[in-house]
Amino acid sequence: MFEGSTGESIIGKAVDKGLVDITISNFRDYSDNKHQTVDDYPYGGGSGMLLKIQPIYDNIRAIKKTSPETKKRIILLDPAGKTFDQAMAEEFSKEEHLVFICGHYEGYDERIRTLVTDEVSLGDYVLTGGELGAMVMIDATIRLLPNVLGNQTSAQTDSYSTGLLEHPQYTRPAEYKGMKVPEVLMNGNHKLIEEWQLKESLKRTYQRRPDLLKRIELTPKMIRFLEEIKNEEVDSIK
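Residues numbered from 1 in each chain as written. Predicted model: local features only at pLDDT ≥ 70, side-chain atom pairs only at ≥ 80, totals over all residues. Heavy atoms only, no water.

By volume, the largest pocket amounts to about 1300 Å³. Taken together, 42 residues make up the lining of the largest pocket; nearest its centre are Thr-23, Ile-24, Leu-98, Val-99 and Phe-100. Mapped onto the lining of the largest pocket, the elements with two or more residues apiece are α3 (53–66), β4 (97–101) and α5 (131–142). The greatest single-element share of the lining of the largest pocket, amounting to 6 residues, is contributed by α3. When the residues that make up the lining of the largest pocket are grouped by side-chain class, the tally is 26 nonpolar, 11 polar and 5 charged. (1 Å grid on protein atoms, 1.4 Å probe; cavity = no way out; pocket = protein on both sides within 12 Å on 5 of 7 lines; lining within 4 Å. Points joined across faces, edges and corners; volume = space filled by probe spheres on them. Helix = DSSP H or I, 4+ residues; strand = E, 2+ residues; numbered from the N terminus. Nonpolar A, V, L, I, M, F, W, Y, C, P; charged D, E, K, R; others polar.)

Pasting the structure below:
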């Protein structure tokens, strides 16, 4: 499952350049059962199967032995975990070694949680396994590493990196079927362009994700722009 997401495009190029190393480990290989089973029925009854602690415990121990000198952040993919966001991706990108444990079946033997440093979820929904969630987190994290993106400032101004949604963007042609690029973006006045971008970011965030505005400290200019946006909204209704 991981070959496509880690072997192609920007992530694949980062691996080829030696900017990041990705190793896929199958904890089934560490099962002490001759049938390589990694799950079993839960004590106390209930539906579904639970991942056993033994294969994952031995797999984690083997990973630690291969690079004992590196500090490891061991992340359990779990719907009950803290929701993954851009701030967490930035935090992960500063770590030396990340280990993602991808669950499957009904859930985990509770003792597996003693092995991890973080429990993380993509959102308020359940997937058939943690693999897709891990791929998303890996992609979001690796793109923040130095030299992975051709233009590193692009990552710094992405939606959520600034706390706001990103402003609208345009490219050539300047007009297509009557749809025009805003004049301010073509006049060469960088101060006006930056102000337009900030106001449009605020506008998009206010209209689509107003909850994000509560998480950031608004500057006097941002407060003024927000007032203008709200007044323009009222005027458009009249």
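What follows concerns the sheet that holds β4. Strand order in the open sheet formed by 3 strands is β4-β3-β6, with parallel pairing between adjacent strands. Strands at the two margins of the open sheet, each flanked by one partner only, are β4 and β6 (118–121). Pairs of neighbouring strands in the sheet enclose a mean axial angle of 45°, with direction left out of account. Taken together, the 5 bridges between strand β3 (residues 72–83) and β6 define a ladder with parallel strand orientation. Across the sheet, residue Leu-76 finds its bridge partner in β6, namely Glu-119. Lying on the sheet, α3 is in contact with β3 and β4; it crosses β4 at an angle near 165°. Relative to β4, α5 is tilted by about 160°, and along the sheet it contacts β3, β4 and β6. (Pairing = 2+ DSSP bridges. Axes fitted to C-alpha atoms, helices over the stretch in contact; angles between N-to-C directions. Contact = heavy atoms within 4.5 Å.)

With an omega dihedral of 5°, the bond running from Arg-172 to Pro-173 counts as a cis peptide bond. The topology assignment puts Pro-173 in the loop between α6 (152–156) and β7 (175–176). Located in the positive-phi region is Gln-36, a residue other than glycine, with phi close to 60°. Topologically, Gln-36 is positioned in the loop between α2 (9–16) and β1 (39–40). The class of Gln-36 is partly exposed, set by a relative accessible area of 33%. Positive phi is not limited to glycine here, since Asn-147 has a value of about 75°. (Buried < 20%, exposed > 50% of the residue type's maximum accessible area, 1.4 Å probe, protein only.)

Turning our eyes to something else, we now look at the sheet that holds strand β5 (residues 107–108). Spatially, 3 strands are ordered β1-β2-β5 in an open sheet, and the strand pairing comes out mixed. Each edge of the open sheet is held by one strand with a lone partner, namely β1 and β5. Judged from the 2 bridges that link them, β1 and strand β2 (residues 50–51) form a sheet pairing that is antiparallel. Among the inter-strand pairings, Asp-39 is bridged to a residue of β2, identified as Leu-51.

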